[in-house]
Amino acid sequence: VSQSRYQYLKERKQWSEAIQTYQKALRLDPRMGEAHYQLGWVYQQQGNRHAALSALTQAVALIPTHVSAHHQMALSYEHLGKSEKAIEVLLNLLLMQSDYLPALYDLGRLYEETGRPEQAIRLLEQAGKQDKTYLDLLYRLGKLHARQNNPARAEAYLQESARLKPHFVPALMQLGKMGLS
């Protein structure tokens, strides 16, 4: 089965056919780490977190340096309610590739959601240095700085997110709460 066939099925969100195709490929060669990754990714899109985690674990076992597989595995853990395990996977991923933007963002987001605002800010600001137009990142940093009683930084991030998307209601609401709209 050709790689273009896999891509064709994914682009058209033909998940069940894509799953059958990846499973067929894996029956032919169970050591195809990329096929395990792609299968896990499709399961993730379907919301089948247990199946995704199983396939992604296989992908990482076969290709330990597969950054995207680690990232998707962390998201599976998160969706299964295992935030600390997701954090552990993301930290290990960042040891492999310290500038991987999706992992920096998701780790920062998880730190925020688990009550570690200082760690969240550090990681999200590191991610923000790579992409100064990542709207959700800017908004999240604005909210975090507001909660940490740093109104000048909060305003700067929120104003920038509102500048990038003038009708971005969450940023405007947050600025309004701060009396800065």
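Before reading further, recall that the structure is shown in the block above.
Residues numbered from 1 in each chain as written. Predicted model: local features only at pLDDT ≥ 70, side-chain atom pairs only at ≥ 80, totals over all residues. Heavy atoms only, no water.

Asks: Talk me through the overall build of the protein; I want residue IDs and the actual numbers.
Replies: Along the backbone of the protein there are eleven helices and zero strands. Put simply, the protein runs from its N terminus to its C terminus through helices and strands in the order α-α-α-α-α-α-α-α-α-α-α. Overall, the protein is about 60 × 30 × 25 Å in size when its C-alpha atoms are taken along their principal axes. The positive charge centre, built from 22 side chains, and the negative charge centre, built from 17, are 4 Å apart in the protein. (Helix = DSSP H or I, 4+ residues; strand = E, 2+ residues; numbered from the N terminus. Lys, Arg positive; Asp, Glu negative; His and termini not counted. Charge placed at Lys NZ, Arg CZ, Asp CG, Glu CD.)

Asks: Kindly report on the packing of aromatic side chains, identifying the contributing residues and their values.
Replies: Enumeration over the complete set of coordinates arrives at two aromatic pairs. When the ring of Y105 is compared with that of Y134, the centres are 4.9 Å apart and the planes differ by 25°; the resulting orientation is stacked. Of the two residues, Y105 sits in helix α7 (residues 101–113) while Y134 sits in the loop between α8 (117–130) and α9 (135–147), which places them 29 residues apart along the sequence. Y134 sits in the partly exposed class, given a relative accessible area of 26%. (Phe/Tyr/Trp six-rings, centres within 6.5 Å; stacked < 30°, edge-to-face > 60°. Buried < 20%, exposed > 50% of the residue type's maximum accessible area, 1.4 Å probe, protein only.)

Asks: Tell me about unusual backbone geometry, residues and numbers included.
Replies: Of note, the phi angle at N149 is positive, near 60°, even though the residue is not glycine. When you line up the elements, N149 lands in the loop between α9 and α10 (151–164). Looking at N149, the relative accessible area reads 67%, which means it is exposed.

Asks: Now, about helix α11 (residues 169–177): what can you tell me, with residues and values included?
Replies: Counting along an α-helix, one turn takes 3.6 residues, and residues three or four places apart therefore face a common direction. Along α11, the residues classified as buried are A171, Q174 and L175. Projected down its long axis, α11 carries its buried residues within an arc of 100°, all on one side. Along α11, exposed side chains directed more than 90 degrees from the buried face belong to M173 and K177. The secondary structure elements touched by the buried residues of α11 are α9 and α10. Where α11 terminates, the next one or two residues include G179, which has phi positive at roughly 75°. (Arc of directions from axis to C-beta. Contact = heavy atoms within 4.5 Å.)

So, to be careful, I would describe these as geometric facts and stop short of saying anything about function.
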